[in-house]
Amino acid sequence: MSHVDYSQLLSQFNTRAERVEVWCDTCEMSFSGERQLEAHTRSHIFCDFDDCSFEGNKETVKSHKKDEHAVTESIHVFSMDNPAVLNAWLKERRRNFPVLCVD
């Protein structure tokens, strides 16, 4: 049977426990030190809605906009004032969604 040096194991455990783990609350990510957290927070962007101070990485802000501002990226906005744009949209819609005429 081998002898286990418990004092050495305890010392290793304490050394691991003393390592500082820092947390980015916004992104829900942990980092092994302040430098890693600072590097991560440099990738943060701000929400571009008026009076909104939310910040996070690109994916977090995208999720925030969807949840808090009901924004999806699939929305295509165009001006209804321009007849050429409206007619092109109608033509494309008719091509994609034909109607069966029944007499």
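Further up the page is the structure itself.
One structure accompanies this document, and this report is about it. Sequence order as written defines residue numbering, which begins from 1 separately in each chain. Totals for whole chains, interfaces and linings use every residue, but because this is a predicted model, local features are given only for residues with pLDDT of at least 70 and side-chain atom pairs only at 80 or more, for both listing and counting. Excluding hydrogens and water, the side-chain values take into account all heavy atoms of the structure.

This part is about the overall build of the chain. Looking only at helices and strands, the chain features four helices and four strands. Note on exposure labels: buried denotes an accessible area under 20% of the residue type's maximum, exposed denotes more than 50%, and partly exposed covers the range between, all computed with a 1.4 Å probe on protein chains only. Counting only residues that meet the buried cut, the chain has 16% of its 103 residues in that class. Here the contacts in the chain between residues at least 6 apart in sequence split such that 12% fall between residues at least 24 apart. Here the chain has roughly 9,400 Å² of accessible surface; of this, 53% comes from carbon and sulfur atoms. Counting from the N terminus, the helices are the DSSP runs of H or I reaching at least four residues and the strands are the DSSP runs of E reaching at least two. The criterion used for residue contact is that any of the two residues' heavy atoms lie within 4.5 Å. Note on areas: Shrake-Rupley, 1.4 Å probe, and residue coverage restricted to the protein chains presented here.

Okay, the side chain of His-44 next. By secondary structure assignment, the location of His-44 is in the loop between helix H2 (34-41) and strand S3 (45-46). Residue His-44 is classed as buried on the basis of its relative accessible area of 13%. Side-chain atoms alone can form a polar contact between residues adjacent in sequence; in general such a contact is a pair of N or O atoms within 3.5 Å, and within protein one must be able to donate a hydrogen while the other accepts it. Side chain to side chain, His-44 and His-40 meet in a polar contact 3.1 Å long. Apart from residues no more than four positions distant in its own chain, His-44 is found in contact with Cys-24, Cys-27, Glu-55, Gly-56 and Asn-57.

Here we come to the environment of Phe-31. Relative to the helices and strands, Phe-31 is located in strand S2 (residues 29-31). On a C-alpha basis, the gap between Phe-31 and Glu-21 in space is 5.7 Å, while along the polypeptide they are 10 residues apart.

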